[in-house]
Amino acid sequence: MEQLLEQAYPFVTVFLLVFARVSAFFVTVPIFSYRSLPVVPRIFIALGLAATMTSVIVIPEEPLIIDSIYLLLVIKEVIIGLLLGMIAFMIMSAIQIAGGFVDFQMGFAIANVIDPQTGAQSPLLGQFFNVLAMLLLLALDGHHLILDGIYYSYQFLPIDQLVLHVEDGRMAQFVVQTFAATFVIAFQMAVPVVATLFLVDLALGITARTVPQLNIFVVGFPIKIGVSFLVLSAMAVVLLTLVRKLFELMAVSMRDLMLILGGG
């Protein structure tokens with residue numbers, strides 16, 4: 001019995017570290033962090049994934065000992081998992097930002113709803129865009145791409161590496177560039193509708209000046225809503241292309257983050 005425990009000890013110590021990174025990753029990453037996925041299945045998925053990854057990743061030659069250094073390794077693994085999931089979630093939030101831009105111009109901003117996935121307030125069209133993006137992500141096997149990201153993170157951030165390289169300013173530059181790229185894509189998704197509604201507002205303003213008897217507030221809202229849906233229908237292919245570009249940015253950003261933390 002003691003011999004069996006000695007043989008299993010290196011596997012258990014590595015498994016706990018892998019499980020810490022995977023479970024922390026599932027707390028923040030899109031799809032797996034949503035409230036619609038119950039907690040118990042998420043735990044079992046994380047356990048199964050951690051056990052599978054433990055059997056294939058490079059295990060340190062010297063067995064890890066559970067001491068103060070090991071506790072620091074656990075904290076490091078949790079931080080890595082949270083950061084990787086957070087960067088993916090931050091990029092996917094561009095969809096709701098674009099929906100917020102459109103809702104504000106359409107007049108839907110007053111009718112925000114509670115997002116059942118995150119529990120936060122979300123614009124109507126932002127929620128609609130988000131559902132479409134999640135369906136497209138699943139259709140393109142994006143959830144497998146996300147799991148590949150946490151698996152290949154061990155090539156950049158070995159399990160026994162204690163120090164994260166965040167002191168040279170590259171992390172701040174990376175965060176700023178990622179925020180900028182996210183807002184650029186969100187603006188590209190929203191600008192056709194926003195620009196069209198600006199022209200509609202201009203036309204309604206001219207109409208209000210030329211026909212003062214017309215109640216422009218009563219007529220304007222249905223016109224703006226109808227025009228917005230027509231533009232959204234016309235640019236559906238462009239929206240899907242931008243969403244796919246967003247998925248590519250998410251994968252590249254996760255890789256760049258791993259490179260920065262690993263000192264590559």
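Worth saying up front: this structure is predicted, and the values here are computed from it rather than measured.

**Some points on the packing of helix α3 (residues 68-92) against helix α7 (residues 170-210)**
Packing of α3 against α7 brings their axes to within 9 Å, and their N-to-C directions diverge by 30 degrees. The angle between α3 and α7 falls in the class roughly parallel. In this structure, α3 contributes I87, M90 and I91 to the contact, and α7 contributes F174, T178, F179 and T182. Among the residues forming the contact of α3 with α7, the class breakdown is 5 nonpolar, 2 polar and no charged.

**Section: a nonpolar patch on the surface**
Residues I69, L72, I75, I79, L83, L162 and V163 make up a contiguous nonpolar surface patch of roughly 560 Å² in combined accessible area. Mapped onto the elements of the fold, I69 is located in helix α3.

**Let's talk about the pattern of salt bridges**
Across all of its chains, the model carries 4 salt bridges by this definition. E77 is the salt-bridge partner of R21, the closest N and O atoms lying 2.6 Å from each other. In this pair, R21 is assigned in helix α1 (residues 2-28) and E77 in helix α3, connecting sequence segments 56 residues apart. Note that K76 is salt-bridged to E77, the shortest N-O span being 2.6 Å.

**Regarding the packing of helix α6 (residues 142-156) against helix α9 (residues 236-262)**
Where α6 contacts α9, the two axes come as close as 10 Å, and the packing angle between them is 20 degrees. Relative to α9, α6 is oriented roughly parallel. As for the relative orientation of α6 and α9, their crossing is right-handed in sense. Residues L145, I146, G149, Y152, S153 and F156 of α6 pack against M250, A251, M254, R255, M258, L259 and G262 of α9.

**Points about the packing of aromatic side chains**
Within this structure, the stated rule accounts for 4 aromatic pairs. Centre to centre, the rings of F26 and F32 are 4.8 Å apart; their planes meet at 5 degrees, and the pair counts as stacked. Summarising the burial analysis for this pair, F26 and F32 share the class buried. Judged by centre distance (4.9 Å) and plane angle (70 degrees), the rings of Y151 and Y152 are edge-to-face. A residue is classified by how much of its surface remains accessible, and Y151, at 29% relative accessible area, is partly exposed. When its relative accessible area of 39% is taken as the criterion, Y152 is described as partly exposed. An aromatic cluster is built from F25, F26 and F32, whose rings are joined through pairwise contacts. Positioned over the ring face of Y154 is R21, at 3.9 Å from the centre of the ring.

Calculation rules
Residues numbered from 1 in each chain as written. Predicted model: local features only at pLDDT ≥ 70, side-chain atom pairs only at ≥ 80, totals over all residues. Heavy atoms only, no water. Axes fitted to C-alpha atoms, helices over the stretch in contact; angles between N-to-C directions. Helix = DSSP H or I, 4+ residues; strand = E, 2+ residues; numbered from the N terminus. Parallel < 35°, antiparallel > 145°, perpendicular 65-115°, else oblique. Contact = heavy atoms within 4.5 Å. Nonpolar A, V, L, I, M, F, W, Y, C, P; charged D, E, K, R; others polar. Patch = residues over 30% accessible without salt bridge, like charges linked within 9 Å, V, L, I, M, F, W, Y side chains within 5 Å. Areas by Shrake-Rupley, 256 points an atom, 1.4 Å probe, with all protein chains shown as cover. Salt bridge = Lys/Arg side-chain N within 4 Å of Asp/Glu carboxyl O. Left-handed = near helix turned anticlockwise from the far one by under 90°. Phe/Tyr/Trp six-rings, centres within 6.5 Å; stacked < 30°, edge-to-face > 60°. Buried < 20%, exposed > 50% of the residue type's maximum accessible area, 1.4 Å probe, protein only. Lys NZ or Arg CZ within 6 Å of the ring centre and 35° of its normal.

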